[in-house]
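Reading the structure
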Amino acid sequence: MKNGKRGLLSVASSDAGLTLVEVIAAVIVVVTVALASAGLGINGIKTAAAQERQQVAVTIANGAMETVSSWDPSLNTVTKVSGLYAGRTSAAVSTSFTSNSTVPGVSNTYPTFDSSATSTSTASIPISATQTENGTNYTVWTLIGDCYQPVIGGTCSKITGQATEPSTTPANYALVVRIIVVVSWTAGSSCSTNGCYYETTTMADPHSDLQWVSH
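Nothing here was measured: the structure is a model prediction, and the numbers come from that model. (Residues numbered from 1 in each chain as written. Predicted model: local features only at pLDDT ≥ 70, side-chain atom pairs only at ≥ 80, totals over all residues. Heavy atoms only, no water.)

**Comments concerning a nonpolar patch on the surface**
Selection criterion: Nonpolar side chains (Val, Leu, Ile, Met, Phe, Trp, Tyr) within 5 Å and like charges within 9 Å form the patches, drawn only from residues with over 30% relative accessible area and no salt bridge. Note that accessible areas follow from Shrake-Rupley with a 1.4 Å probe, and for residues the cover is restricted to the protein chains shown. Take a side-chain nitrogen of Lys or Arg and a carboxyl oxygen of Asp or Glu: if they are within 4 Å of each other, that pair is a salt bridge. Runs of H or I in DSSP of at least four residues are treated as helices and runs of E of at least two as strands, each being numbered from the N terminus.
On the surface, Val23, Val27, Val31 and Leu35 cluster together to form a nonpolar patch covering roughly 330 Å² of accessible area. Structurally, the position occupied by Leu35 is in helix H1 (residues 20-69).

Quick look at the structure:
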């Protein structure tokens, strides 16, 4: 029997732990992912809020348009102006058109008012109003003016070369009332600088007899 020293097994540990650099790198990755997720969440909330404001504006505009549509657009037999303009002063109408000059259709419409209205008159259909929904302030503009439609068809607009509305309807044209409802707001990052708006438009024939000629 051989005598000898029993050898001791040397086991190298594979669990030496993470180095400081590896820990820092792991933290950076976790923080980056967390920030990216937070950014996506914030953007999602902003997008949802913007869509909600847009939908509210649509609802407000449709309600305002329904109010106007319930009025009789017939021309007054004396003033030859539609009853839709009752109580609207020249100054107030001019201001409303200027404030919304970039809205489609406004530049092609003659600002029309009630010549008998004074500064103390109350417009039958308010020119502007403010409405608050879910913490957001909305300005509601109801612009009503005249445009002229060729009787053979075409775009209802101002008469070429005439910046102010003609005193009588030119031959081969029909007078039409254009109603434009504009709802504007400035809440939200995308609307805070230049503002946002929603517009809806309709036309009304103020004549008792049909003015169109078909071919």
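**Section: the environment of Asn172**
As a reminder of what qualifies: Only protein chains enter the area calculation, which uses a 1.4 Å probe; residues under 20% of their type maximum are buried, those over 50% are exposed, and those in between are partly exposed. We call two residues contacting when some pair of their heavy atoms lies within 4.5 Å.
Relative to the helices and strands, Asn172 is located in the loop between strand E3 (136-150) and strand E4 (173-185). Looking at Asn172, the relative accessible area reads 60%, which means it is exposed. Sequence separation between Asn172 and Val151 is 21 residues, and the spatial gap between their C-alpha atoms is 5.6 Å. Leave out the neighbours within four places in its chain, and Asn172 touches Gln149, Pro150 and Val151.

**Topic: the pairing of E4**
We apply this condition: Between any two strands, pairing holds if DSSP finds at least two bridges.
Burial within E4 is extensive, with eleven of its 13 residues counted as buried. In terms of strand pairing, E3 meets E4 through twelve bridges, oriented antiparallel. From the neighbouring strand, Thr142 faces E4, where its bridge partner is Val181. Across nine bridges, the pairing between E4 and strand E5 (residues 196-204) is antiparallel. When the bridges of E5 are listed, Val177 appears paired with Ala204.

**Regarding the state of the cysteines**
Formally, a disulfide is one covalent bond, and it connects the sulfur atom of one cysteine to the sulfur atom of another. Defined as follows: Criterion for a disulfide: a pair of cysteine sulfur atoms at a distance within 2.5 Å.
Summed over all chains, the structure comprises two disulfides. Covalently, Cys147 is tied to Cys156 through a disulfide, its sulfur atoms 2.0 Å apart. Taking the sign of the torsion about the S-S bond as the criterion, the disulfide between Cys147 and Cys156, at about 100°, is right-handed. Both residues of the pair, Cys147 and Cys156, belong to the buried class. Between Cys191 and Cys196 runs a disulfide, and the two sulfur atoms are separated by 1.9 Å. Classification of the bridge connecting Cys191 and Cys196 rests on its S-S torsion, roughly -85°, and on that basis the disulfide is left-handed.

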